[in-house]
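Here's the letter readout for the chains.
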Amino acid sequence: MDVQVTTHEEEEEEQGGRKRARANENANENESTEIEIDSEGQGQGGMKAAKSSTGRGLVREVRTTVQSAGGSQCLDSRPLPLNSPPRHAAGSVVSAGRTSQAQAAQAPASSGHTLFARNAKVGASMVTDATAVTATEKLGKESAKQMLDKSKAFIFDCDGVIWRGDKLIEGIPETIEGLRAAGKKLIFVTNNSTKSRAGYLKKFQTLGLDISAEEIYSSSYAAAAYLKSKNFPTDGSKKVYVVGEVGIMEELTLAGIPHFGGPEDADAQIKLGKGVKMEHDADVSAVIVGFDREINYYKIQYATLCIRENESCEFIATNRDAVTHLTDAQEWAGNGSMVGAIAGSAAREPTTVGKPSTFMLDDIADQFQIDKSEICMVGDRLDTDIMFGQNGGLRTMLVLSGVTREETLLSEENTIHPDLYTSKLADILPALDEINST
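Predicted, not measured: the structure shown is a model, and the values here were computed from it.

**Q** Run through the packing of aromatic side chains, naming residues and quoting values.
**A** As enumerated under the stated definition, the model contains eleven aromatic pairs in all. Where Y217 meets Y221, the ring centres are 5.0 Å apart and the plane angle is 85°; that geometry is what we call edge-to-face. The pair formed by Y217 and Y221 is uniform in burial state, with each residue classed as buried. Taken together, the ring pairs in this structure connect F154, F156, W163, F188, Y200 and F204 into an aromatic cluster. For the cation-ring pair, K195 lies above Y200, with the distance from its terminal atom to the ring centre recorded as 5.5 Å.

**Q** Can you lay out the confidence of the model for the protein for me, pointing to particular residues and giving the numbers?
**A** Segments scoring low in pLDDT should not have their predicted coordinates read at a detailed level. Across the protein, the average pLDDT comes to 78, with 69% of residues at 70 or higher. Taken together, the stretch residues 27-133 has pLDDT below 50 and engages in 221 contacts with residues farther than four places along the chain or on a different chain.

**Q** Residues and numbers for the sheet that holds strand β9 (residues 153-157), please.
**A** On the basis of which strands lie adjacent, the open sheet formed by seven strands has the order β8-β23-β22-β21-β9-β12-β13 and parallel pairing. Taken across any chain shown, the strands that pair with only one partner, and hence form the sheet edges, are β8 (137-138) and β13 (216-218). Relative to strand β21 (residues 375-379), β9 is paired through four bridges, and the arrangement is parallel. Among the inter-strand pairings, F154 is bridged to a residue of β21, identified as C376. Of the strands in this sheet, β9 and β12 (185-190) touch helix α3 (residues 172-181), which is tilted by about 140° from β12. Against the sheet, helix α10 (residues 382-391) touches β9, β21 and β22 (395-399), its axis set at about 165° to β22.

**Q** Explain the packing of helix α2 (residues 141-150) against helix α12 (residues 429-437) residue by residue, including any values.
**A** Interhelical geometry of α2 versus α12 gives an angle of 60° and a closest axis separation of 8 Å. Judged by the inter-axis angle, α2 sits oblique to α12. Of the two possible hands of crossing, α2 and α12 adopt the one that is right-handed. Along the contact surface, α2 presents K141, A144, K145 and L148, while α12 presents P430, A431, L432, E434 and I435. Residues belonging to the contact of α2 with α12 are distributed by class as follows: six nonpolar, no polar and three charged.

What counts and what doesn't
Residues numbered from 1 in each chain as written. Predicted model: local features only at pLDDT ≥ 70, side-chain atom pairs only at ≥ 80, totals over all residues. Heavy atoms only, no water. Phe/Tyr/Trp six-rings, centres within 6.5 Å; stacked < 30°, edge-to-face > 60°. Buried < 20%, exposed > 50% of the residue type's maximum accessible area, 1.4 Å probe, protein only. Lys NZ or Arg CZ within 6 Å of the ring centre and 35° of its normal. pLDDT = per-residue confidence, 0-100. Contact = heavy atoms within 4.5 Å. Pairing = 2+ DSSP bridges. Helix = DSSP H or I, 4+ residues; strand = E, 2+ residues; numbered from the N terminus. Axes fitted to C-alpha atoms, helices over the stretch in contact; angles between N-to-C directions. Parallel < 35°, antiparallel > 145°, perpendicular 65-115°, else oblique. Left-handed = near helix turned anticlockwise from the far one by under 90°. Nonpolar A, V, L, I, M, F, W, Y, C, P; charged D, E, K, R; others polar.

This is the structure we're talking about:
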């Protein structure tokens, strides 16, 4: 039998070689790949860069593909942070356009631009295809001017953007005045259904804001508009049961749609006993659930019976917001808690007519005769306001004066990224003043 003797030095060298091989392998899996952008905005690896802008941001998604004789294979498609923001020769950061747009604008013609993407291996037979790169940019004077230049109309959320609870947010009157002076069309949208448009007009006036009723679009109005779009009969043959407050009732009355419930059932109770059965109106063909500070078990059960037992009964939610601002002292449970209770017992999901549904935006664009590409959505919530804008292909700006915090926006877990973000709406005033002075 042959015995192979290995010296101590040879053994150490062999172990060292294995360690180096493993280290190189791990490095290849986790490397940050530098991709040069050529004069046409195309990287050597095939990565398209978006338009030049300033600020810091996050890359929403980088899709890595391998191209070979056998075709392309997707290697990686997931949210990635921007490790080191790429800069042009002039010093501006490469960021991406709106995710709702079919194509991102290409970078200006200039060589030497560098974009970094994690987990992207670039070799002789491999390219990186980043057709869905998104960055969130912090508002600056130049980016504010660009936004104002490209947007003919602005849709504003109210709670957290215009006011918090019963207090106006700093700089709002001057900002609205400046936007009007710049010729911008303004629409104020709220998911809060407790008031009708007339009720919200009173709140605007109480806060000292000069707004017309035609510029207000509430989710209570959206619910009535939705039923009208479905040709809901007004002859009394069908009815609507309302879980909600006076705002929904007033809008249904204006639309001529028969309805009941709401505040009328605030004190309604169920007395349980052996064999007790709750009766309900078989002519109810729609149940609308809006924010209701007097919700009770009677309302939940009545709505549930109508949805489950009445043939083709529509289940409509004004919104599914998790929290709301009843006061400026804290956040309060929102309509999502009420909708969730009825959706759970009815074993059905509702049609949502408020943000982020496309129905509300389509109806706004139609009523105000606005092209969606010329609208900027401004809100304080990622999952309603910003998603609402992105779903409709609008420009989007998040303000941090309401629900969303900067750390939430910039966290790796977040997958909803607006085009711009800033602390409050009034931050656009310097750019507005400059535009209006020329």
